[in-house]
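Examination of the molecular architecture
The primary structure of each chain is shown beneath.
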Amino acid sequence: MNFLTFFPYFLQWAEVNTIVRSQEHQDSVATLLKVFVPCVEVMRLTDGKKGVTLGKFYAAMLGFGGKDGLYGSKISGVKGTVRRKMHQVFMARWEYFHSTLMTAAYMLDPQYIRREFTAEEEGELREIMKKLARAHPTFTHENMIEQYGLARTEMFCETGEFVEDGAAWRAATTLNPVTWAQIYLYKWKAVSYTHLRAHET
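No experiment lies behind these values; they were computed from the predicted model shown.

About the cut-offs
- Residues numbered from 1 in each chain as written.
- Predicted model: local features only at pLDDT ≥ 70, side-chain atom pairs only at ≥ 80, totals over all residues.
- Heavy atoms only, no water.
- Helix = DSSP H or I, 4+ residues; strand = E, 2+ residues; numbered from the N terminus.
- Polar contact = N/O pair within 3.5 Å; in protein donor to acceptor, adjacent residues only side chain to side chain.
- Salt bridge = Lys/Arg side-chain N within 4 Å of Asp/Glu carboxyl O.
- Buried < 20%, exposed > 50% of the residue type's maximum accessible area, 1.4 Å probe, protein only.
- pLDDT = per-residue confidence, 0-100.
- 1 Å grid on protein atoms, 1.4 Å probe; cavity = no way out; pocket = protein on both sides within 12 Å on 5 of 7 lines; lining within 4 Å.
- Points joined across faces, edges and corners; volume = space filled by probe spheres on them.
- Nonpolar A, V, L, I, M, F, W, Y, C, P; charged D, E, K, R; others polar.
- Core = buried A, V, L, I, M, F, W, Y, C linked by side-chain atoms within 4.5 Å.
- Contact = heavy atoms within 4.5 Å.
- Phe/Tyr/Trp six-rings, centres within 6.5 Å; stacked < 30°, edge-to-face > 60°.
- Axes fitted to C-alpha atoms, helices over the stretch in contact; angles between N-to-C directions.
- Parallel < 35°, antiparallel > 145°, perpendicular 65-115°, else oblique.

1. Observations regarding the side chain of His141
Along the chain, His141 falls in helix 7 (residues 141-157). A polar contact is formed between the side chain of His141 and the backbone oxygen of Arg126, at a distance of 3.3 Å.

Printed below as a string of structure tokens:
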């Protein structure tokens, strides 16, 4: 191959090299990764990945599609109209399969149980508690709400099972939610029962 034959390919390579090395291209790739990597990660959670629970899936969904999530706020490099359309598409799908049980599992998951929840989320947890209480021979809705409040108080005050050494919260990252509840929520039988039922799926 002589130089004249090779020259057109060299020009094409030079053009591609310029584009790939440009700041504009690098910014575009960074934006693409920022927008779609969380989406792919959530999709992979539904592929039977070991250790995934309903609560962790819900938390991941909130992370990029919730009100304060990635798609719900301004994204550098993405036009507002495009981002809002993405959010609308996501929310339409989310509302299609979302259930109160998902909220309950998320709120009772040991990795998220200390978070501050919205009034809507608290209402959905109470709705699940009410349904479970109707099917239980001894636990009442009031039992569940009271014990949930007592357990959360100990968590925030770091007393009882939740002392300052943080053993319970280290365990929360390694144990499955049901095992964690059996160890650390044993004093609150009604909450432990709610926890178990919420994570049976």
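2. A look at the pattern of salt bridges
Side chains bearing opposite charge may pair, as long as their charged atoms lie close to each other. As enumerated under the stated definition, the model contains three salt bridges in all. In this structure, Lys131 engages Glu127 in a salt bridge whose closest nitrogen and oxygen atoms are separated by 3.6 Å. Highlighted residues: Lys131 and Glu127, both in helix 6 (residues 119-135), separated by four residues, approximately one helical turn. You can call Lys131 partly exposed: its relative accessible area is 43%. For Glu127, a relative accessible area of 35% gives the class partly exposed.

3. Regarding the confidence of the model for the protein chain
Fine structural detail should not be taken from predicted coordinates in areas where pLDDT scores are low. When pLDDT is averaged along the protein chain, the result is 83, and 92% of the positions lie at 70 or above. In the model of the protein chain, helix 1 (residues 3-21) stands out as the element of lowest mean pLDDT, 74, in contrast to helix 6, which has the highest, 93.

4. Considering the layout of surface pockets
Space inside the second largest pocket adds up to approximately 260 Å³. If you go around the second largest pocket, you meet 14 residues; those closest to its centre are Cys39, Met43, Met61, Phe64 and Phe90. Ranked by residue count, the leading element in the lining of the second largest pocket is helix 4 (residues 80-97), at five residues. In terms of residue class, the lining of the second largest pocket is built from 12 nonpolar, one polar and one charged.

5. Some points on the nonpolar core
Within the largest apolar cluster, 47 residues are counted, with the highest numbers of intra-cluster contacts made by Phe162, Trp180 and Leu185. In terms of residues, this core owes the most to one element, helix 5 (residues 100-108), which gives six residues. In this view, Leu185 contacts Ala151, Met155, Phe162, Trp180, Val191, Ser192 and His195; residues no more than four positions away in its chain are not counted.

6. Here's the deal with helix 5
Burial of helix 5 is extensive: eight of the nine residues sit out of reach of the surface. Along helix 5, the residues that are buried comprise Thr100, Met102, Thr103, Ala104, Ala105, Tyr106, Met107 and Leu108.

7. Describing the packing of aromatic side chains
Counted under the stated rule, the structure contains 10 aromatic pairs. Taken together, a centroid distance of 4.7 Å and an interplanar angle of 35° make the contact between Tyr58 and Tyr106 tilted. Highlighted residues: Tyr58 in helix 3 (residues 54-65) and Tyr106 in helix 5, separated in sequence by 48 residues. Of the two residues, Tyr58 and Tyr106, neither departs from the other in class, the shared state being buried.

8. Thoughts on the packing of helix 7 against helix 10 (residues 189-198)
Remark: helix 7 packs on helix 10, axes separated minimally by 7 Å, with the N-to-C direction vectors making an angle of 100°. The angle between helix 7 and helix 10 places the two elements in the roughly perpendicular class. Side by side, helix 7 and helix 10 meet where Asn143, Met144, Gln147 and Tyr148 of the first sit next to Lys189, Ala190, Val191, Tyr193 and Thr194 of the second.

9. As for the packing of helix 9 (residues 177-184) against helix 10
Here helix 9 crosses helix 10 at 175°, and the two axes come no closer than 9 Å. Here helix 9 lies roughly antiparallel to helix 10, going by the angle between them. Between helix 9 and helix 10, the contacting residues are Pro177, Val178 and Ala181 on the first element and Ser192, His195 and Leu196 on the second. Each residue belonging to the contact of helix 9 with helix 10 can be placed in one class, and the counts come to four nonpolar, two polar and no charged.

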